[in-house]
Amino acid sequence: MANTLTWDKAAAPIDVADLDVIGTMALGVRRFGRDRMSDLLGSVVETLPTVARVPLNLGMAVARDDRED
């Protein structure tokens, strides 16, 4: 509790492993496929800072793409 402002606002200075985003991306990949998710998020992801892309990339990495096209 060294930083009371951050503690009071329930905010972290950085959340590299944001499990909500990782899980959502993994579910999206499983539902729509890796290529479709890349197409949908391509232009948005390119505008994000590198550290903000980490949860999205982790979600892609942990997803199993079981779909048969």
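Since the model is a prediction, treat every value here as computed from it, not as a measurement.

Attention now moves to the overall build of the protein chain. What the protein chain contains, in helices and strands, is four helices and zero strands. Taken from the N to the C terminus, the helices and strands of the protein chain come in the order α-α-α-α. Relative to its 69 residues, the protein chain shows a buried fraction of 19%. In the protein chain, of all internal contacts separated by at least 6 residues, the share reaching a separation of at least 24 is 72%. Carbon and sulfur atoms make up 56% of the accessible area of the protein chain, which totals about 5,400 Å².

Glancing now at the nonpolar core. When a protein is soluble and globular, its nonpolar side chains tend to lie buried together. Of all hydrophobic cores here, the largest spans eight residues; its members are M25, A26, V29, M37, V45, L56, M60 and A63. For this core, the secondary structure elements donating two or more residues are α2 (19–32), α3 (34–47) and α4 (50–62). Sort the elements by how many residues they give to this core and α2 lands first, with three residues. In this structure M25 touches M37, L41, L56, G59 and M60, once residues within four positions along its chain are discounted.

This brings us to the environment of I22. Note on placement: I22 falls in helix α2. When the C-alpha atoms of I22 and A61 are compared, they prove to be 9.2 Å apart, with 39 residues separating the residues in sequence.

Moving on: the packing of α2 against α3. In contact at an axis separation of 7 Å, α2 and α3 are set at 120° when each is read in the N-to-C sense. On the basis of their axis angle, the class for α2 and α3 is oblique. Packed against α2, whose contacting residues are M25, G28, V29 and F32, the element α3 presents R34, R36, M37 and L41 at the interface. A breakdown of the residues in the contact of α2 with α3 according to their chemical character gives five nonpolar, one polar and two charged.

Within the protein chain, residue pLDDT values average 80, and 72% of them lie at 70 or more. When pLDDT is averaged over each element of the protein chain, α2 comes out on top at 90 and helix α1 (residues 4–8) at the bottom at 71.

Its 13 residues give α4 an end-to-end C-alpha distance of 19 Å, which sits within 8% of 18 Å, the value for a rise of 1.5 Å per residue. Buried residues of α4: P55, L56, G59 and M60, and no others.

Here is what the cut-offs are and how they apply
- Residues numbered from 1 in each chain as written.
- Predicted model: local features only at pLDDT ≥ 70, side-chain atom pairs only at ≥ 80, totals over all residues.
- Heavy atoms only, no water.
- Helix = DSSP H or I, 4+ residues; strand = E, 2+ residues; numbered from the N terminus.
- Buried < 20%, exposed > 50% of the residue type's maximum accessible area, 1.4 Å probe, protein only.
- Contact = heavy atoms within 4.5 Å.
- Areas by Shrake-Rupley, 256 points an atom, 1.4 Å probe, with all protein chains shown as cover.
- Core = buried A, V, L, I, M, F, W, Y, C linked by side-chain atoms within 4.5 Å.
- Axes fitted to C-alpha atoms, helices over the stretch in contact; angles between N-to-C directions.
- Parallel < 35°, antiparallel > 145°, perpendicular 65-115°, else oblique.
- Nonpolar A, V, L, I, M, F, W, Y, C, P; charged D, E, K, R; others polar.
- pLDDT = per-residue confidence, 0-100.
- Expected span 1.5 Å × (residues − 1).

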